[in-house]
Amino acid sequence: MLHTGLFELNAVAAISAHRSFRAAATELGISPSALSHAIATLEKRLGVRLINRTTRSVSLSEAGERFLARVGPALREIAGAMEDVNEFRDTPTGTLRINLKERAAHQILRPVVGKFLRRYPDMNVELVLEGRHIDIVAEGFDAGIRLAEAVPQDMVSVPCGPASRFLVVGAPDYFARNPLPRSPSDLLNHACIRRRMPGGKLYRWEFEKRGEEITMDVPGRLTLDSDALMVEAALDGLGLAFVSDFWVAKHIADGALQAVLDDWTPPFPGLRLYYPRHRHMTAGLRAFIDLLREENNAERKAGSTSAVGKTRKATAAKTPAAQT
């Protein structure tokens, strides 16, 4: 035991968290075979089996559970001490792992992640795209990004961009062949591009207007599980898509797509970055959150300036020339 190092101890902790040699190896930055060899060497040195392995599952043995219960708190203390020392550096160092959906990755990659990497050259960022909801702690992530409504209640969350809206959009070519829908019920007579959710279910389109809520299965011959593909299909005139305004704002602005049922699709809280409440925050995550808040403040100021400009223009247009 005298020759056992932190690596072997962290390997046991990672396997316990992930219940998978492959996922644990990914977190540790080594191959599954190297991890298996390290565990086998530790077990031989201790003279006891720590990990139960079958073709279908990986779990700690009773001895492994007791072993980790003793060394786990010490590992967390050591990690916290190393992170405390890291805060004395001019810039943070390490790898920041974030779990998020495709839309969130597109939204933060250039304005936030790109700026973060340029500002902190000793930091690495790993973005893992995942449609399903996962336990970010068990899966070895520092943080996750999801819509506000999907953030677990026991997590701390930070706004990650402005409010969002889902919009029903179609191409001018489509509307040249089909009437504009005036209410959600009109969609029953339209070709809609349906959404397959990560869990396998079909998404039911949701609408709200002055307190009235409508959820409906829409008809359609095309079903997709990617927002980007839905937009492509809508641009091609294959039907109506129901997607976040993030994906279609540019296409609406240049006239390639037209939004309908605007009064039935109110805005809602947008993306949130979230992380465990009781876990020690790394210097890298703290720096990333600080940058997010910088970007949020800049967006609010830009929006306020834009609103003031529009108000002044409107006021000037209503003011008689003799008074100006």
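Report follows, based on the coordinates. The shown structure was predicted, so the numbers you read here are calculated from the model rather than taken from an experiment.

1. Some thoughts on the sheet that holds strand 14 (residues 271-276)
Line of reasoning, step 1. Within the open sheet, the five strands sit side by side as 4-3-5-14-6. Their pairing is mixed. Both outer strands of the open sheet, strand 4 (123-129) and strand 6 (155-159), are each paired with one neighbouring strand and no more. Averaged over all neighbouring strand pairs, the angle between strand axes comes to 30°, with direction disregarded.
Line of reasoning, step 2. With four bridges connecting them, strand 5 (residues 143-147) and strand 14 associate as antiparallel partners. Its bridge partner lying in strand 14, Leu147 is registered against Leu271.

2. Concerning the pattern of salt bridges
Line of reasoning, step 1. For the coordinates displayed, the defined rule picks out nine salt bridges.
Line of reasoning, step 2. As a salt-bridge pair, Arg177 and Asp173 come within 3.2 Å of each other at their nearest N and O atoms. Of the two residues, Arg177 and Asp173 both sit in helix 6 (residues 172-177), four residues apart, roughly one turn of that helix.
Line of reasoning, step 3. In this structure, Asp217 engages Arg204 in a salt bridge whose closest nitrogen and oxygen atoms are separated by 2.9 Å. Residue Asp217 is located in the loop between strand 10 (212-216) and strand 11 (222-224), and its partner Arg204 is located in the loop between strand 8 (193-195) and strand 9 (205-209); the two are separated by 13 residues in the primary sequence.
Line of reasoning, step 4. Here Asp217 falls in the partly exposed class, since its relative accessible area comes to 48%.

3. Observations concerning helix 3 (residues 32-46)
Line of reasoning, step 1. In this model, helix 3 (15 residues) spans 21 Å end to end at C-alpha, consistent with the 21 Å of a helix rising 1.5 Å per residue.
Line of reasoning, step 2. Inspection of helix 3 places Leu35, Ala38, Ile39, Leu42 and Glu43 among the buried residues, and these make up the whole buried set. Buried residues along helix 3 cover an arc of 130° about the axis, so they all sit on one side. Exposed side of helix 3, more than 90 degrees from the buried face: Ser33, His37 and Lys44 are the residues found there.
Line of reasoning, step 3. Against helix 1 (6-18), helix 2 (21-28) and strand 1 (51-53) lie the buried residues of helix 3.
Line of reasoning, step 4. Count one or two residues on from helix 3 and you reach Gly47, which has phi positive near 75°.

4. Quick word on the packing of aromatic side chains
Line of reasoning, step 1. Tallied over the entire structure, the rule returns nine aromatic pairs.
Line of reasoning, step 2. Taken together, the ring pairs in this structure connect Phe166, Tyr203, Trp205, Phe207, Phe242 and Phe268 into an aromatic cluster.
Line of reasoning, step 3. Geometry around Phe141 places Arg97 over its ring, the cationic atom sitting 4.3 Å from the centre.

5. Some thoughts on unusual backbone geometry
Line of reasoning, step 1. With a phi angle near 55°, Arg19 is a residue other than glycine that sits in the positive phi range.
Line of reasoning, step 2. With respect to the element layout, Arg19 can be found in the loop between helix 1 and helix 2.
Line of reasoning, step 3. Arg19 sits in the partly exposed class, given a relative accessible area of 38%.
Line of reasoning, step 4. Positioned with a positive phi, Leu261 is a non-glycine residue whose angle comes to about 60°.
Line of reasoning, step 5. Among the structural elements, Leu261 can be located in the loop between strand 13 (258-260) and strand 14.
Line of reasoning, step 6. Among the residues examined, Leu261 registers a relative accessible area of 6% and is labelled buried.

6. Considering the sheet that holds strand 13
Line of reasoning, step 1. The strand order across the open sheet built from three strands is 12-7-13, with neighbouring strands paired in antiparallel fashion. Looking at which strands have only one partner, the edges of the open sheet turn out to be strand 12 (241-244) and strand 13. Each neighbouring strand pair of the sheet contributes to a mean axis angle of 50°, computed without reference to strand direction.
Line of reasoning, step 2. The pairing of strand 7 (residues 166-170) with strand 13 spans three bridges and is classified as antiparallel. Each bridged residue has a counterpart across the sheet, and for Val169 the counterpart in strand 13 is Ala259.

7. Comments concerning the pairing of strand 7
Line of reasoning, step 1. For strand 7, the tally of buried residues reaches five of five residues, placing the bulk of the element in the interior.
Line of reasoning, step 2. Side chains Phe166, Val168 and Gly170 project from strand 7 onto one buried face, and the interleaved Leu167 and Val169 project onto a second face that is buried too.
Line of reasoning, step 3. Bridge count for strand 7 against strand 12 is four bridges, and the pairing is antiparallel. In the sheet register, Val169 faces strand 12, and the bridge partner there is Ala241.

8. Considering the environment of Arg132
Line of reasoning, step 1. You can see Arg132 is positioned in the loop between strand 4 and strand 5.
Line of reasoning, step 2. Along the chain, Arg132 and Leu100 lie 32 residues apart, while their C-alpha atoms are 9.3 Å from each other.
Line of reasoning, step 3. Among residues more than four places away in sequence, those in contact with Arg132 are Arg146 and Pro198.

About the cut-offs
- Residues numbered from 1 in each chain as written.
- Predicted model: local features only at pLDDT ≥ 70, side-chain atom pairs only at ≥ 80, totals over all residues.
- Heavy atoms only, no water.
- Pairing = 2+ DSSP bridges.
- Helix = DSSP H or I, 4+ residues; strand = E, 2+ residues; numbered from the N terminus.
- Axes fitted to C-alpha atoms, helices over the stretch in contact; angles between N-to-C directions.
- Salt bridge = Lys/Arg side-chain N within 4 Å of Asp/Glu carboxyl O.
- Buried < 20%, exposed > 50% of the residue type's maximum accessible area, 1.4 Å probe, protein only.
- Expected span 1.5 Å × (residues − 1).
- Arc of directions from axis to C-beta.
- Contact = heavy atoms within 4.5 Å.
- Phe/Tyr/Trp six-rings, centres within 6.5 Å; stacked < 30°, edge-to-face > 60°.
- Lys NZ or Arg CZ within 6 Å of the ring centre and 35° of its normal.

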